[in-house]
Amino acid sequence: MKGVFPVDKFRELRTPFYYYDTKILRDTLDCIRRELAKYDNYFVHYAVKANANPKLLTIIRECGLGADCVSGGEIRAAIKAGFPADKIVYAGVGKADWEINLGLDYNIFCFNVESIPELEIINELAAAKGKVANVAFRINPDVGAHTHANITTGLAENKFGINMADMDRVIDLAQDLKNVKFIGLHFHIGSQILDMGDFAALCNRVNELQDKLEARHIRIEYVNVGGGLGIDYAHPNRQAVPDFKSYFETYDNCLKLRSYQTLHFELGRSVVAQCGSLISKVLYVKQGTNKQFAILDAGMTDLIRPALYQAYHKIENITSDEAPETYDVVGPICESSDVFGKAIDLNRVRRGDLIALRSAGAYGEIMASSYNCRELPQSYTSDEYSFFV
């Protein structure tokens, strides 16, 4: 079963381009809203790093979600899209001073802090502005996730978060600092997780840490368990909306949330991935020695996930109903890794056909432009500055 697309309209557009089905996005958001309504103290922040397209951000904000940002650029994008500052959380292992100052100037809800040096800098910068910043500590729970090694974040070997053994010391330090207010704990174990047992394991670790803190008479009001819920890349038409019901139920069943606490989530991929497709045109069909290639005008610069993670995206010829043939689907970039899929069965491909790479709404357009909304680096030549050797 293939997706339904406005092919006649597509013929008028220059390829490649990203196409977003806003009905799928709104159906997804409606499902999230229905599930959240079952719980009084659950709150979702959309992870802007998944896709910062302004039109999508506006739809997400209109649904009532907050924003989870990992850069100053993402904070700006969220504010521009109308997200209230008191619904913005700022995470990230390397926050620059200007980014921290930006969050302070907007009075965002919380900084998710990942190290003692970062905590000290936030305190220093907040003091200079006469402000007190809410902070939560991202604890590395040393919980593995059944996902690709490049997108696990909760193991002790990963760069993210504060080691559990250092949690008490960091909390004690925060309580001695005058310009930060410790309000809670933050966790994130990875993304594209489909095994609910991984989230249950995180809950068990959070329960242990909470019990340990309460033994010290430390109460926290804010628990943030990150995101990570995966999608069905193989069947985007059959399962366009992820299993939010089981996801939230897992936390309800396994996490010992206190009555005075709020539980926060940072969902990204599961919100936007299925609504987006990369649409590309076939430039050539090339017969090789042992295989035939469908050469597209889109390449790894437009959708890097297959080259970077060996990620799978369902590929469809949306302008052909002829009998299927087998192709390697590749791009025009002069790199051997510029491959979207090998030995893919597609309805017979001809020059000019339109190909849809499905489930590309997350980590597609954003990674092709400026991932994390980071500014592009400047460049200089030795002719410009005499101090270059």
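Everything in this summary refers to the structure shown in the same document.

Section: the overall build of the protein chain
Next up, step 1: When helices and strands are counted, the protein chain shows 12 helices and 16 strands.
Next up, step 2: Its C-alpha atoms give the protein chain a radius of gyration of 23 Å, near enough to 21 Å, the size a compact globule of 389 residues would have.
Next up, step 3: If you line up the protein chain on its principal axes, its C-alpha atoms span 70 × 65 × 35 Å.
Next up, step 4: Residues counted as buried form 54% of the 389 residues belonging to the protein chain.
Next up, step 5: A separation threshold of at least 6 residues defines the contact pool for the protein chain, and within that pool the share at least 24 residues apart is 72%.
Next up, step 6: If you sum the accessible surface of the protein chain, you get close to 17,900 Å²; carbon and sulfur atoms cover 49% of it.

What about the pairing of strand 12 (residues 292-296)?
Next up, step 1: By the criterion of burial, strand 12 is predominantly enclosed, with four of the five residues buried.
Next up, step 2: Pairing between strand 11 (residues 276-287) and strand 12: five bridges, direction antiparallel. What sits directly across from Tyr 284, in strand 12, is Ile 295.
Next up, step 3: In textbook terms, the turn of a hairpin is the stretch between consecutive antiparallel strands, and for strand 11 and strand 12 this stretch comprises four residues.
Next up, step 4: Two elements, strand 12 and strand 14 (residues 324-330), share three bridges in a ladder whose sense is parallel. Its bridge partner being in strand 14, Ala 294 is matched across the sheet by Val 329.

Here we look at the nonpolar core
Next up, step 1: Grouped together as the largest cluster of nonpolar side chains are 106 residues, with contacts concentrated most on Phe 111, Phe 137, Phe 248, Tyr 251 and Phe 265.
Next up, step 2: Among the elements that make up this core, the one with the highest residue count is helix 8 (residues 196-215) (seven residues).
Next up, step 3: When sequence neighbours within four positions are dropped, the list of residues in contact with Phe 248 reads Glu 35, Leu 36, Tyr 39, Tyr 42, Val 44, Phe 265 and Leu 267.
Next up, step 4: Residues Phe 5, Ile 318, Leu 354 and Ala 356 belong to the second largest nonpolar core, which totals eight residues.

Comments concerning the packing of helix 2 (residues 22-36) against helix 3 (residues 54-62)
Next up, step 1: It is at 10 Å that the axes of helix 2 and helix 3 come closest, and there the two elements cross at 30°. Overall, the two elements helix 2 and helix 3 adopt an arrangement that is roughly parallel. Handedness of the crossing formed by helix 2 with helix 3: right-handed. For the pair formed by helix 2 and helix 3, the contact residues are Thr 22, Leu 25, Arg 26 and Leu 29 on the first element and Leu 56, Ile 59 and Ile 60 on the second.
Next up, step 2: Within the contact of helix 2 with helix 3, the residues separate by chemical class into five nonpolar, one polar and one charged.

Description of the environment of Lys 55
Next up, step 1: With respect to the helices, strands and loops of the structure, Lys 55 is situated in helix 3.
Next up, step 2: Separated by 249 residues in sequence, Lys 55 and Ile 304 place their C-alpha atoms 22 Å apart.

Describing helix 5 (residues 97-106)
Next up, step 1: Of the residues making up helix 5, those classed as buried are Glu 99, Ile 100, Leu 102, Gly 103 and Leu 104.
Next up, step 2: Among the structural elements, helix 4 (72-80), strand 4 (88-90), strand 5 (110-113), helix 6 (116-128) and strand 6 (133-140) are those in contact with the buried residues of helix 5.
Next up, step 3: Of the residues trailing helix 5, Asn 107 is marked for its positive phi of about 60°.

Points about unusual backbone geometry
Next up, step 1: A cis amide bond links Thr 15 to the next residue, Pro 16, at an omega of -5°.
Next up, step 2: One can find Pro 16 in the loop between helix 1 (7-10) and strand 1 (17-20).
Next up, step 3: Backbone geometry at Ser 359 places phi at a positive 55°, although glycine is not the residue there.
Next up, step 4: For Ser 359, the location among the structural elements is in the loop between strand 16 (354-357) and helix 12 (365-369).
Next up, step 5: With relative accessibility at 1%, the residue Ser 359 sits in the buried group.

Considerations on the packing of aromatic side chains
Next up, step 1: Tallied over the entire structure, the rule returns 19 aromatic pairs.
Next up, step 2: Summarising the aromatic geometry, the rings of Phe 248 and Phe 265 are spaced 5.0 Å apart at their centres and angled 85° between planes, so their arrangement reads as edge-to-face. One end of the pair, Phe 248, is in helix 9 (residues 244-254); the other, Phe 265, is in strand 10 (residues 262-267), and 17 residues separate them in sequence.
Next up, step 3: Note on Phe 248: relative accessible area 0%, which makes it buried.
Next up, step 4: Overall, the relative accessible area of 0% leaves Phe 265 in the buried class.
Next up, step 5: The ring of Phe 293 has Lys 286 sitting right over it, with the charged end atom 6.0 Å from the ring centre.

Some points on the environment of Ile 295
Next up, step 1: Here Ile 295 shows up in strand 12.
Next up, step 2: Taking relative accessible area as the criterion, Ile 295 reaches 17% and is therefore assigned buried.
Next up, step 3: Sequence separation between Ile 295 and Asp 328 is 33 residues, and the spatial gap between their C-alpha atoms is 8.3 Å.

What counts and what doesn't
- Residues numbered from 1 in each chain as written.
- Predicted model: local features only at pLDDT ≥ 70, side-chain atom pairs only at ≥ 80, totals over all residues.
- Heavy atoms only, no water.
- Helix = DSSP H or I, 4+ residues; strand = E, 2+ residues; numbered from the N terminus.
- Rg over C-alpha atoms; globule rule 2.2 N^0.38 Å.
- Buried < 20%, exposed > 50% of the residue type's maximum accessible area, 1.4 Å probe, protein only.
- Contact = heavy atoms within 4.5 Å.
- Areas by Shrake-Rupley, 256 points an atom, 1.4 Å probe, with all protein chains shown as cover.
- Pairing = 2+ DSSP bridges.
- Core = buried A, V, L, I, M, F, W, Y, C linked by side-chain atoms within 4.5 Å.
- Axes fitted to C-alpha atoms, helices over the stretch in contact; angles between N-to-C directions.
- Parallel < 35°, antiparallel > 145°, perpendicular 65-115°, else oblique.
- Left-handed = near helix turned anticlockwise from the far one by under 90°.
- Nonpolar A, V, L, I, M, F, W, Y, C, P; charged D, E, K, R; others polar.
- Phe/Tyr/Trp six-rings, centres within 6.5 Å; stacked < 30°, edge-to-face > 60°.
- Lys NZ or Arg CZ within 6 Å of the ring centre and 35° of its normal.

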